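# Observations on the model geometry
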Amino acid sequence: MTLLQIGILGIVVLFLLVFLRFPISMAMVVVGICGYAIIINPQAALIKLGTDFFDDATIYSLSVIPMFTLMGLFLSSSGLGRVLFSAFHAWFGHMRGGLAIASIVASAFFAAVSGSVIGTAATIGKIAAPEMLSRDYKDTLAAGSIAAGGTLGILIPPSSVLIIYGAITEESIGRLLIAGIVPGIITAIMLSFTAWLQVKINPSLAPTDVAKPIKERFAASKGVWPVPVIFLISMCGILMGVFTANEGGAVGAFLAFMYAIFSKRMSWSIFNDSLQETAKVTAMIFLVIIGGMLFGNFLTVTRIPLTISSAVIDMNLSPFVLALFVFACYIVAGFFMDAMAVIVIFTNIFYPLIITAGFSGIWFGVITILLVNIGFITPPVGAVSMVTASATNIKIESVFKGVTPYWITLIVVTLLLAFFPDIVTFLPNLMKG
């Protein structure tokens, strides 16, 4: 067999293992090592397995993962989700469809400290869904807004998926995290506008409510301050070069810990559970990164990325048409595969092609997140939609129906960032150091 044939066979086997629900990290390790053994020799593959696991796990920049994870767990375990929704309920609840907007905005704030899609959708869903359904909101609007808001968990930093992307591509993790801020805000605004527009077109989706006095609104907002304060200190510190992404994560985790203590929401049980959950999440992410790197090494040896790049260059496609083709591959794959599998597998294949075409790797990282988000809410897999259905006890059919307008919105935002890449790269270009 030629190198190209071995590479294609490896990709096919990897897809097969993913479809069979084999853990993506282990699937990539198995395919990467077995493929390397076939091309080079078994002894070299075993040596690479031993050295890469150690080398990849000791990359200093990856220490940002447990720091931001711990920060999110400290804050979320102190009841932050309910505080956020209550605050935005007070400000938007009187509007027709205001609770749907409140759930999206609360998700954006919660995402700024959790970095988790599943965690955001589950936390806000359990709080927001009963409120909306009890006020005669249609289940499709309630579920759709919760699921769509949940997707902000991996776009607004700290984003574990952006960190994984950075580890695989060796792009600056600090710049990637900063790059997600403006697109995250734009996406949150566009999703909120989509909720408002749906109710404007079809008022039967949601009722209006009595506006709360200004005093009550500000009183309900008192508990929100830790999110913007901790977020701004950690992210602005990274942006201004005061500290690295790792140090920013450590500062955020420390501030979250101090807030939990002084607000009397920290107990030994919460502290212990947060540490254990951080260890579990970090181990899972590290396995994905290591597996992705091993699989990437295998692809490099097969010369598949180089072959694809050469073939595309020979086709004389414009860079934008090429980018649209790559986007389409991500979206279609997201219909059938877990989002983490899509990000790791396709980044190894398409990142070299995108760089060869002259695009920014930072820009592509954020675009990749948006494309993955589309898959997160789209059937038949739609992990966030599934979690939303479970957390809210709303039928999955209603969830998938409810996310359709937001699915369109995410595509519009993706195209906006594709046409105007400076939206993504503006803040990273201002970074010092």
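Notes on the structure in this doc start here. (Residues numbered from 1 in each chain as written. Predicted model: local features only at pLDDT ≥ 70, side-chain atom pairs only at ≥ 80, totals over all residues. Heavy atoms only, no water.)

Right, let's get into the nonpolar core. Considering soluble globular proteins, one finds that nonpolar side chains tend to be buried as a cluster. Ranked by internal contacts, the top residues of the largest apolar core, which has 146 residues, are F295, I345 and F364. No other element matches helix α18 (residues 339-356), which puts 13 residues into this core. Each residue touching F295, except ones within four places of it in the same chain, is listed here: I11, L14, M28, V31, G32, I345 and N348. (Core = buried A, V, L, I, M, F, W, Y, C linked by side-chain atoms within 4.5 Å. Buried < 20%, exposed > 50% of the residue type's maximum accessible area, 1.4 Å probe, protein only. Helix = DSSP H or I, 4+ residues; strand = E, 2+ residues; numbered from the N terminus. Contact = heavy atoms within 4.5 Å.)

Once that is clear, we can look at the environment of S103. With respect to the secondary-structure elements, S103 resides in helix α6 (residues 98-114). Residue S103 is classed as buried on the basis of its relative accessible area, which comes to 0%. Expressed as a C-alpha distance, the spacing of S103 and K222, which sit 119 residues apart in the sequence, is 18 Å. S103 has contacts with F85, I124, A128, M132, S145 and I146, leaving out every residue within four places of it along the chain. A polar contact is formed between the side chain of S103 and the side chain of S145, at a distance of 3.4 Å. (Polar contact = N/O pair within 3.5 Å; in protein donor to acceptor, adjacent residues only side chain to side chain.)

In total, this model carries 1 salt bridge according to the counting rule given. Residue E131 pairs with R135 through a salt bridge whose shortest N-O separation is 2.5 Å. (Salt bridge = Lys/Arg side-chain N within 4 Å of Asp/Glu carboxyl O.)

Quantified by volume, the largest pocket comes out at close to 960 Å³. Taken together, 38 residues form the lining of the largest pocket, with S116, I118, V281, M284 and M340 sitting closest to its centre. Among the secondary structure elements, those contributing two or more residues to the lining of the largest pocket are α2 (24-39), α4 (64-76), α6, α7 (117-134), α9 (160-169), α15 (268-302), α18 and α19 (361-377). For the lining of the largest pocket, the residue count by class is 24 nonpolar, 11 polar and 3 charged. (1 Å grid on protein atoms, 1.4 Å probe; cavity = no way out; pocket = protein on both sides within 12 Å on 5 of 7 lines; lining within 4 Å. Points joined across faces, edges and corners; volume = space filled by probe spheres on them. Nonpolar A, V, L, I, M, F, W, Y, C, P; charged D, E, K, R; others polar.)

Moving on: the packing of aromatic side chains. Counting across every chain of the model gives 21 aromatic pairs. Taking the centre distance of 6.2 Å and the plane angle of 45° together, the rings of Y330 and F350 count as tilted. Of this pair, Y330 sits in helix α17 (residues 319-336) while F350 sits in helix α18, and the two are 20 residues apart along the sequence. The pair formed by Y330 and F350 is uniform in burial state, with each residue classed as buried. The rings of F15, Y165, F325, Y330, F346, F350, Y351 and F364 are connected pair by pair, giving a single aromatic cluster. (Phe/Tyr/Trp six-rings, centres within 6.5 Å; stacked < 30°, edge-to-face > 60°.)

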